[in-house]
Amino acid sequence: MEKIDILSLTRDELTNEICAMGEKAFRAKQIYDWLHVKKVTDFTQMSNLSVQFREKLSRKFCIKSLKIKKRLVSRIDNTVKYLYGLSDGEAVETVLMEYKHGNSLCISTQVGCKMGCRFCASTIAGWVRNLEPSELLLQIYESERNSGRHVDSVVLMGIGEPLDNFDNVVKFLQILNSDGEGMSLRHLSLSTCGVVDKIYRLAELKLGVTLSISLHAATDERRSAIMPINNRFNLVKLMKACDDYFAATGRRISFEYSLIEGVNDTDGSADELIKLLDKRNCHVNLIPVNEITEREFRKSRYVERFQKRLLAAGINATVRRTLGADINAACGQLRRDAKSEN
């Protein structure tokens with residue numbers, strides 16, 4: 001019989017499993033603390049449980065792990081990029097970034113991505129599968145163990161579309177913030193290219209997650225040309241979902257806008273964005289597009305000019321600080337390179 005992935009169980013699910021084994025419910029809390037507070041990697045480390053009970057646990061459950069296939073450390077800003085190997089031989093990327101306010105970890109939610117955004121490296125190697133809740137958590141746990149740094153905030157902005165892996169991502173969030181004892185979900189940001197129906201489902205849960213929308217263009221024609229998701233959920237539908245999310249949660253929306261030379265970086269493009277975001281309580285994160293060999297897109301030379309135009313119109317806009325430039329820290333590149341080497 002296949003063992004149960006114990007790290008993917010919520011506290012209630014674990015309690016039910018432990019009670020079904022004839023044990024008291026408080027044992028589940030002890031195990032949960034070992035797994036998610038002390039973050040042990042083996043049942044033998046659970047020293048307040050009897051040897052017999054630990055053996056029973058090891059027969060029924062498994063504690064998954066990630067293997068570091070590659071680790072790159074930036075000499076510029078201490079950014080650490082991991083290529084984590086999964087149990088099935090696949091790999092995902094995780095990036096640990098150092099800020100004044102603490103350490104932020106960018107994690108992947110899928111092996112590959114289906115969304116097909118034309119400027120993104122994550123789609124090039126193809127989509128394989130969704131990550132399990134344990135595989136999301138382990139990116140945090142293993143990064144903390146290896147780096148010796150505490151992760152203060154998490155961004156779901158690595159490989160994959162988080163809302164395309166909705167159920168596993170929500171379960172991950174519930175485990176991460178179990179009974180309010182773990183990381184506050186106000187320190188977590190979820191980036192989506194605009195899967196509107198799932199934005200509404202997320203809003204209903206009222207988890208307090210900050211929503212980041214990968215916008216990158218302010219007209220349907222231009223957005224559809226670089227982001228196929230816009231053909232399914234156009235800007236009218238997307239912006240209404242954003243407004244409704246803000247109304248339901250009170251969480252300000254962040255809009256990511258990658259500036260691409262000659263595509264979306266003109267004064268006219270800025271004015272289109274100003275019109276689209278008019279009177280909305282939001283933040284715009286301007287990103288010089290990451291240049292990859294398989295795509296013709298190039299970084300804009302007009303980032304500061306674009307920002308000033310937004311600021312003059314009263315829109316809160318910042319330019320994302322480039323981290324790990326010397327180690328290709330943008331998501332998708334390390335996995336793509338590893339696959340091409342095989």
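Here the structure is a predicted model, which means the values were calculated and not measured. (Residues numbered from 1 in each chain as written. Predicted model: local features only at pLDDT ≥ 70, side-chain atom pairs only at ≥ 80, totals over all residues. Heavy atoms only, no water.)

Enquirer: I'd like to hear about the pairing of strand 3 (residues 67–73), residue by residue, with values.
Expert: Looking down a regular strand, the side chains alternate between one sheet face and the other. Relative to strand 4 (residues 80–85), strand 3 is paired through 6 bridges, and the arrangement is antiparallel. Residue pairing in the sheet places valine 73 in a bridge with valine 80 of strand 4. Hairpin connection, strand 3 to strand 4: the antiparallel pair is bridged by 6 residues, and asparagine 78 has positive phi, about 70 degrees. (Pairing = 2+ DSSP bridges. Helix = DSSP H or I, 4+ residues; strand = E, 2+ residues; numbered from the N terminus.)

Enquirer: Can you lay out the sheet that holds strand 13 (residues 282–288) for me, pointing to particular residues and giving the numbers?
Expert: Ordered in space as 3-4-5-6-9-10-11-12-13-14, the 10 strands form an open sheet in which the pairing is mixed. The open sheet has two free edges, formed respectively by strand 3 and strand 14 (317–319), since each of these has just one partner strand. For this sheet, the mean angle separating the axes of adjacent strands, direction not counted, is 20 degrees. (Axes fitted to C-alpha atoms, helices over the stretch in contact; angles between N-to-C directions.)

Enquirer: Please give an account of the environment of serine 74 that cites residues and values.
Expert: In this structure, serine 74 sits in the loop between strand 3 and strand 4. C-alpha of serine 74 to C-alpha of aspartate 265: the two residues are 191 residues apart in sequence and 29 Å apart in space.

Enquirer: Just give me the short version of helix 3 (residues 51–60), but keep the residues and values in it.
Expert: Within helix 3, the full set of buried residues consists of Phe53, Arg54 and Leu57. Angularly, the buried residues of helix 3 cover 100 degrees about the axis, an arc narrow enough to put them on a single face. Across helix 3 from its buried face, at more than 90 degrees, point the exposed residues Gln52 and Arg59. Looking at the buried residues of helix 3, the elements they touch are helix 1 (11–20), helix 2 (26–36) and strand 2 (61–62). (Buried < 20%, exposed > 50% of the residue type's maximum accessible area, 1.4 Å probe, protein only. Arc of directions from axis to C-beta. Contact = heavy atoms within 4.5 Å.)

Taken by themselves, the reported measurements are silent on function.
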